[in-house]
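# Observations on the three-dimensional arrangement
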Amino acid sequence: ALSLLLFFLFHFSPLWSQTELTVDGQFHTISYNGTYQDFTVPDNFSGKLILELHGGDGGFAQAQLNGNCEGAGGQGTTITQEVLIGTGTNEIPPGSTIRFIVGEAGESQGTNGGIVFGFREGGGGGGTGVAAQINGSWEIISVAGGGGGGYADVAVGICDTESSGKPGNTNS
């Protein structure tokens, strides 16, 4: 399962909760749901937000029933980053909106009996990102790239090409 783990550490602020997330010093998971998910930082909160982002893995491609011609999907990147919540330089101010966009795994393509001629391509995994709306503007905080899709090609029943997808990259 693709997910985004959150860990909230608070310095001197009281506990605060929301329906989806709780600021309680524990890890929380935000899973892929097809859309972004917003979290408003409480006005009285300051501390650290530890993000662990996972980009979606790429899908595999299999062009023969016995699996002898298969390109594996590339692994999505994992990145861990500490984000400070507060009023200082390079900190996300309390009251800001943090947006989580969780990437999905790429679709895999296989065969139900093998092929004599043809190819299969796996889909690339989606990237996972976090942005913050600060003073009315969205700023990218971190991005974990999704893995590339695999490729497999069969000619005259013989595996001609199999290529694994490339792993994802990061940006923080």
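Attention in this report is confined to the structure presented alongside it. (Residues numbered from 1 in each chain as written. Predicted model: local features only at pLDDT ≥ 70, side-chain atom pairs only at ≥ 80, totals over all residues. Heavy atoms only, no water.)

## So, the pattern of salt bridges
Overall, the coordinates contain 2 salt bridges when judged by the stated rule. Ionic pairing is found between Asp 38 and Arg 99, a salt bridge with its closest N-O pair at 2.7 Å. Of this pair, Asp 38 sits in strand β5 (residues 37-40) while Arg 99 sits in strand β10 (residues 97-101), placing them 61 residues apart in sequence. On the accessibility criterion, Asp 38 (33% relative accessible area) is partly exposed. Residue Glu 82 is joined to Lys 48 by a salt bridge in which the shortest nitrogen-to-oxygen separation is 3.9 Å. (Salt bridge = Lys/Arg side-chain N within 4 Å of Asp/Glu carboxyl O. Helix = DSSP H or I, 4+ residues; strand = E, 2+ residues; numbered from the N terminus. Buried < 20%, exposed > 50% of the residue type's maximum accessible area, 1.4 Å probe, protein only.)

## Some thoughts on the packing of aromatic side chains
For the structure on display, the rule yields 1 aromatic pair. A cation over an aromatic ring shows up here: Arg 99 above the ring of Tyr 36, its NZ or CZ 3.6 Å from the ring centre. (Phe/Tyr/Trp six-rings, centres within 6.5 Å; stacked < 30°, edge-to-face > 60°. Lys NZ or Arg CZ within 6 Å of the ring centre and 35° of its normal.)

## Considerations on the layout of surface pockets
Reported here for the largest pocket is a volume of approximately 170 Å³. As for the largest pocket, its lining consists of 12 residues, of which Asn 90, Glu 91, Ile 92, Glu 139 and Ile 141 are closest to the centre. Looking at the lining of the largest pocket, the elements with two or more residues in it are β9 (78-85) and β13 (137-144). The residue makeup of the lining of the largest pocket, split by class, is 6 nonpolar, 3 polar and 3 charged. (1 Å grid on protein atoms, 1.4 Å probe; cavity = no way out; pocket = protein on both sides within 12 Å on 5 of 7 lines; lining within 4 Å. Points joined across faces, edges and corners; volume = space filled by probe spheres on them. Nonpolar A, V, L, I, M, F, W, Y, C, P; charged D, E, K, R; others polar.)

## Overview of the sheet that holds strand β14 (residues 151-155)
If you walk across this open sheet you meet the 3 strands as β11-β14-β15, and the pairing is antiparallel. With partners counted over all chains shown, the strands left at the sheet margins are β11 (118-121) and β15 (158-163), one partner each. Taken over all neighbouring pairs, the strand axes of this sheet differ in orientation by 10 degrees on average, direction set aside. Of the pairings in the sheet, the one linking β11 to β14 comprises 4 bridges and is antiparallel in character. Counted as the bridge partner of Glu 121 is Tyr 151 from β14. (Pairing = 2+ DSSP bridges. Axes fitted to C-alpha atoms, helices over the stretch in contact; angles between N-to-C directions.)

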